[in-house]
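This is what each chain is made of:
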Amino acid sequence: MGSLAQSWRPLSVGVIGGGIGGMSAAIALRRAGHTVTIYERADFAGEVGASVSCAANGTRWLHEWEVDVAKGDPVVLKKLINRDWKTGEPVSVYDLDDYEEKWGFVYNMFHRQYMHSMLKDAAIGESGVGVPAKLVVNHQCQDIDVPSSTITFKNGNTATHDLIIGADGIGSAVRGILGIKPAKRPAEQQCLHANVSTEEAVKAGLVDYSQNSALEYWGGQEGKWDKIVLSPCNGGKLLSYYCFFPREKGDYSGHTWGAEDRPVEELLEPYPELDRQVFAHLSIGQEIKPWRLWVHDPYPYLARNNICLLGDAGHPMMPHQSQGACMAIEDAAALGIIFSQSYFDGDVTAALKVYEEVRLPRVTRVQSAAAKAAYNINERIGFSTNTNISTYKVEDEKKKLTIEEMNAYDLYRDIEQKLAVHRGHEYCGKFLNGLPLGMKLPNGVTVGES
Ligand SMILES: Cc1cc2nc3c(=O)[nH]c(=O)nc-3n(C[C@H](O)[C@H](O)[C@H](O)COP(=O)(O)OP(=O)(O)OC[C@H]3O[C@@H](n4cnc5c(N)ncnc54)[C@H](O)[C@@H]3O)c2cc1C
């Protein structure tokens, strides 16, 4: 694709929401030569203390954007381990030893606050390519006048931009302004999150799970909603536990993160038969908070005029593929490429159409795979390749999502293909929707063959 330097123009970009997705969008767009302002409703005082994973498809962008990943103090994952609910014995193990060699980038597990502040530094810091983004806190978007691209904030201020990005999370205001009414319902599965200090666990004579550098799961083979997910973060010093159970055992769908911590008895109550080792860890759990889970059906579009949605605002998903943050990062990367000097011809609305065509199929696929993995861990990327275990079963072998599909994906090629169609050019690349033609996926599908 030739350079469009003549028609390219720098834009004034307004990003609504300064979470993981908003910061990523600011980094990608400042690097592409645009002037970015991030409007955040909060002042970040209430950031949540849990883990967030970043697989190779997210990590690759952190490197391309020259983000100082060490600031995030990650644990580099070496394994995915699925354990028996009662005995804790491994049932399905996916080795990540050759992961970096195969995919070029590691699988990181961050603490959310560390990841957020690492991204914030890259977005607004003086060093780095482009003009540092401006962060404006205590600015809650209330409305947008679409024809004039003017945002009105709850505090009465207004701002006008050439391009507006709604990165305002699962409860997005921008989504409603764009006319999307989510079909949503409280998930059948609920979640309490707890933190355990590795030092305290070891002092109490408990197993040191941090030694495994693994994302570990208890349950998931039984077709039940119960599941414990352990993610080590902060260099292994902190163990972040997501504890899932059916809604009839406790309904937190109306709770928010800001609410008071829940008592440890409430955390343990649904798990009388759980492996005693992990149960003992949960018994010393702190900062026990409900994580409100809602299922949203896919949205029909991601952009209108010169406004688009990004991250959870555009495609909230259940957490069971650990891909929510990665999808937000990929969205941001897509915007950075589409609005770069190589691809942007000055027409914002047309560029956002391409963004939508590139992103919607991919995020919808991950969204649906995440919903399936909620009650069947064999649908979770990694475990979905372990077909040799006795309890392996997926809904549809050919439709299952695999690590190969996530990590072999080439966003540049996907954008080039969709742009070519838009501009009436012939696309001669050897890729289909970002995947190499002829690639054999573990689900038996060969890319390009129907
Ligand atoms: C239980 C659970 C576990 C998860 N684990 C993982 C994992 O391991 N790996 C992974 O990749 N993903 C994980 N996710 C998903 C991941 O956290 C999200 O997908 C990701 O944080 C989305 O980022 P975002 O920027 O779109 O939204 P958010 O991070 O929610 O940011 C939205 C921001 O917008 C601000 N905002 C909201 N409304 C307004 C407004 N009107 N005006 C201005 N600002 C506003 C908010 O204050 C916030 O700062 C998990 C999710 C859940 C529920």
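Since this is a predicted model, take the numbers as computed values, not measurements.

The rules behind these values
Residues numbered from 1 in each chain as written. Predicted model: local features only at pLDDT ≥ 70, side-chain atom pairs only at ≥ 80, totals over all residues. Core = buried A, V, L, I, M, F, W, Y, C linked by C-beta atoms within 7 Å. Buried ≥ 20, exposed ≤ 12 C-beta atoms within 10 Å, placed from the backbone. Contact = placed C-beta atoms within 7 Å. Pairing = 2+ DSSP bridges. Helix = DSSP H or I, 4+ residues; strand = E, 2+ residues; numbered from the N terminus. Axes fitted to C-alpha atoms, helices over the stretch in contact; angles between N-to-C directions. Near = placed C-beta within 6 Å. Nonpolar A, V, L, I, M, F, W, Y, C, P; charged D, E, K, R; others polar. Parallel < 35°, antiparallel > 145°, perpendicular 65-115°, else oblique. Left-handed = near helix turned anticlockwise from the far one by under 90°. Expected span 1.5 Å × (residues − 1).

### Examining the nonpolar core
Thinking step 1. Residues C243, I338 and Y355 are the most contacted members of the largest nonpolar core, which totals 131 residues.
Thinking step 2. Contact partners of I338, with chain neighbours within four places excluded, come to Y343, F344, A351, V354, Y355 and I415.

### What to know about the sheet that holds strand β15 (residues 214–218)
In a beta sheet, neighbouring strands are held together by backbone hydrogen bonds and run either parallel or antiparallel to one another.
Thinking step 1. Strand order in the open sheet made by the 7 strands is β6-β5-β15-β16-β17-β14-β18, with mixed pairing throughout. Strand pairing shows two members of the sheet lacking a second neighbour, β6 (90–95) and β18 (286–291), which therefore form its edges. Put simply, the sheet's adjacent strands are angled 15° from each other on average, direction ignored.
Thinking step 2. Note: β15 against strand β16 (residues 227–233), 3 bridges, orientation antiparallel. The residue of β16 that forms the bridge with E216 is L230.
Thinking step 3. Across the sheet, helix α8 (residues 276–283) touches β14 (189–197), β15, β16 and β17 (238–246), and the angle it forms with β17 is around 105°.

### Side note on the sheet that holds strand β3 (residues 51–54)
Thinking step 1. Read from one edge of the open sheet, 3 strands run β3-β7-β4, paired in antiparallel fashion. Two strands lie at the open edges of the sheet, namely β3 and β4 (75–76), each paired on one side alone.
Thinking step 2. Pairing of β4 with strand β7 (residues 108–111) involves 2 bridges; the strand directions are antiparallel. Across the sheet, residue V75 finds its bridge partner in β7, namely M109.
Thinking step 3. Sitting on the sheet, helix α4 (residues 112–124) is in contact with β3 and β7, with an inclination near 95° to β7.

### Digging into the site of the ligand
Thinking step 1. Neighbouring residues of the ligand: 32 residues in total, closest G17, G19, G21, G311 and G324.
Thinking step 2. Listed by contribution, the elements that provide at least two residues to the shell around the ligand are α1 (20–31), β3 and α9 (324–338).
Thinking step 3. Here the shell around the ligand takes 4 residues from α9, the largest share from any one element.
Thinking step 4. For the shell around the ligand, the residue count by class is 16 nonpolar, 12 polar and 4 charged.

### Digging into the packing of α9 against helix α10 (residues 348–373)
Thinking step 1. Relative to each other, α9 and α10 sit at 160°, their axes nearing to 10 Å. With respect to each other, α9 and α10 are oriented roughly antiparallel. Crossing of α9 against α10: the hand is right-handed. Residue-level contacts link M327, D331, A334, L335 and I338 of α9 to A351, V354, Y355, V358, R359, V363 and V366 of α10.

### Focus on the packing of α10 against helix α12 (residues 411–422)
Thinking step 1. Close contact between α10 and α12 brings their axes to 10 Å; oriented N to C, the two are set at 130°. Comparing their axes, α12 and α10 come out oblique. By crossing handedness, the relation of α10 to α12 is classed as right-handed. In this structure, α10 uses A350, V354, E357 and V358 to contact α12, whose residues at the interface are D414, I415, K418, L419 and H422.
Thinking step 2. The class makeup of the residues in the contact of α10 with α12 is 5 nonpolar, 1 polar and 3 charged.

### Examining unusual backbone geometry
Thinking step 1. The backbone of D73 shows a phi angle near 45°, a positive value even though the residue is not glycine.
Thinking step 2. Mapped onto the fold, D73 is located in the loop between α2 (56–64) and β4.
Thinking step 3. Taking the C-beta count within 10 Å as the criterion, D73 has 18 such neighbours and is therefore assigned partly exposed.

### Observations concerning the environment of Q277
Thinking step 1. When you line up the elements, Q277 lands in helix α8.
Thinking step 2. Considering only alpha carbons, one finds Q277 and G88, 189 residues apart in sequence, at a separation of 7.7 Å.
Thinking step 3. With near-sequence residues (within four places) excluded, Q277 lies in contact with G88, L206 and V207.

### Some details on the pairing of β3
Consecutive side chains of a regular strand alternate in pointing toward one face of the sheet and then the other.
Thinking step 1. Side chains S51 and S53 of β3 all project onto a buried face; the interleaved residues V52 and C54 project onto the opposite face, where all are buried too.
Thinking step 2. Two strands pair when backbone bridges link them, and β3 and β7 are joined in this way by 4 bridges, in the antiparallel orientation. Pairing of S51 across the sheet is with H111, part of β7.

### Quick notes on α4
Residues separated by three or four positions in an α-helix point in the same direction, a consequence of the helix having 3.6 residues per turn.
Thinking step 1. Under the 1.5 Å per step criterion, the end-to-end length of α4 is 18 Å for 13 residues, consistent within 8% with the ideal 18 Å.
Thinking step 2. All of the buried residues along α4 are Y114, M115, H116, M118, L119, K120, A122 and A123.
Thinking step 3. In the core, the buried residues of α4 are packed alongside α1, β2 (35–39), β3 and β7.

### Quick notes on α1
Thinking step 1. In this model α1 runs 17 Å from its N-terminal to its C-terminal C-alpha over 12 residues, within 8% of the 16 Å that 1.5 Å per residue would give.
Thinking step 2. Burial runs high along α1: 11 of the 12 residues are buried.
Thinking step 3. Restricting attention to buried positions, one finds in α1 the residues I20, G21, G22, M23, S24, A25, A26, I27, A28, L29 and R30.
Thinking step 4. Of the surrounding secondary structure, the elements contacted by the buried residues of α1 are β1 (12–16), β2, α4, β12 (163–166) and α9.

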